[in-house]
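# What the coordinates show
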Amino acid sequence: MEGTPPPTMATASDAHDEKRPVALLIDDSPDVHRLLAMRLRSEGIDVVKAVSGTKGLQVAQKSLPSVVLLDIDMPGMDGFEVLRTLKDTEATQHIPVIMLSGMHNSHDKVTAFDLGAADFITKPFDVTELRVRVRSALRVSQLLHMLSQRAQIDGLSGLYNRAHFDTRWEEQVASCSRHGRPVSLAMFDLDHFKSVNDTYGHPAGDTVIQEFAKLLLRQCRQTDIACRYGGEEFVLVLPETGPADAESLCERVRAALAEITWPKHPERKITCSIGIVGSEGPSATPAASWIEAADRNLYRAKKEGRNRVITTMIEGGVSMAQAG
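Residues numbered from 1 in each chain as written. Predicted model: local features only at pLDDT ≥ 70, side-chain atom pairs only at ≥ 80, totals over all residues. Heavy atoms only, no water.

### A few points about the environment of Arg181
Its place among the elements puts Arg181 in the loop between helix H7 (162-179) and strand S6 (183-190). Considering only alpha carbons, one finds Arg181 and Thr241, 60 residues apart in sequence, at a separation of 8.4 Å. With near-sequence residues (within four places) excluded, Arg181 lies in contact with Ser175, Cys176, Glu240 and Gly281. Separated by 3.5 Å, the side chains of Arg181 and Ser175 make a polar contact. (Helix = DSSP H or I, 4+ residues; strand = E, 2+ residues; numbered from the N terminus. Contact = heavy atoms within 4.5 Å. Polar contact = N/O pair within 3.5 Å; in protein donor to acceptor, adjacent residues only side chain to side chain.)

Shown next, in the form of structure tokens:
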């Protein structure tokens, strides 16, 4: 269960920057493909190609390129129709699109920009100018990615926030329902956290939040999704993980937290209570019902003495274990 921690805002952004950008070229001209593939690769940009609008849309939705170079005049689906579809599709709507045209037509330019194009270049184009425009579009793409990441990150803990959790949890439950893949959800609550703030001050409480977040990330795999749910509550989404394995991981988190000595209050240990719900196979249970079940287990853990894990299966609510 242990491994590389899931990305926080900073590491996710860094990973995005380290990957070579990918340009999708949608053009029916083999000569344009050869020319641009050679020139852009020399700029450190990988190029994927499509010779028709229909194929280009398929590639765009599958590979999610950093930028699209799109010819207007193509047989079948023309560039405007492709652009309209890209901008109407949630997965591709933020990818910058540079339109390519052999016509010096102001009406085409206006139409392209109205449909959401980032730039417009006429053929035969100057390759140096094209490279500069592609780099500019890539900077916009990276900025949008960074802004999107920041909007999903909790500022204090560095974990994903509640909004990100809501979206990802819906996806995981849908996958469980469709494909029968195991998944588990764990909810954490720091025991008696209010008294930490009241006794030692809010800076001490902030330190506890931050260190607990780091502890979660150290125990997680890259595929796990750690989020701050609100206040002193956290959630951990564990894809491809049944409730027994989820309980093993959470038990390690619980035990590790209880062993920490805090510099600002060495006499005061911090513990957490954990409620887990999971499934080994398909489940039609709505996402909200999973959360309610995990929250009930968390409440039960606190009621039975805190600093413990309570786990149940989502199917029938059969108790799997109690840690005391």
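From this point, the narrative continues.
### Some thoughts on the side chain of Ser101
Tracing the backbone shows Ser101 in strand S4 (residues 97-101). At 3.1 Å, the side chain of Ser101 and the backbone nitrogen of Met103 are in polar contact.

### With respect to the packing of aromatic side chains
Applying the stated criterion across every chain, the model contains 5 aromatic pairs. Taking the centre distance of 5.3 Å and the plane angle of 75° together, the rings of Trp169 and Trp290 count as edge-to-face. On the criterion of sequence distance, the pair formed by Trp169 in helix H7 and Trp290 in helix H11 (residues 287-303) is long-range, its members being 121 residues apart. Of the residues examined, Trp169 reaches a relative accessible area of 1% and is grouped as buried. Ring centres of Phe188 and Phe212 lie 5.8 Å apart, and the angle between their planes is 65°; on these two criteria the pair is classed as edge-to-face. Linking Phe188 in strand S6 with Phe212 in helix H9 (residues 202-219), this pair joins segments that are 24 residues apart in sequence. The pair formed by Phe188 and Phe212 is uniform in burial state, with each residue classed as buried. (Phe/Tyr/Trp six-rings, centres within 6.5 Å; stacked < 30°, edge-to-face > 60°. Buried < 20%, exposed > 50% of the residue type's maximum accessible area, 1.4 Å probe, protein only.)

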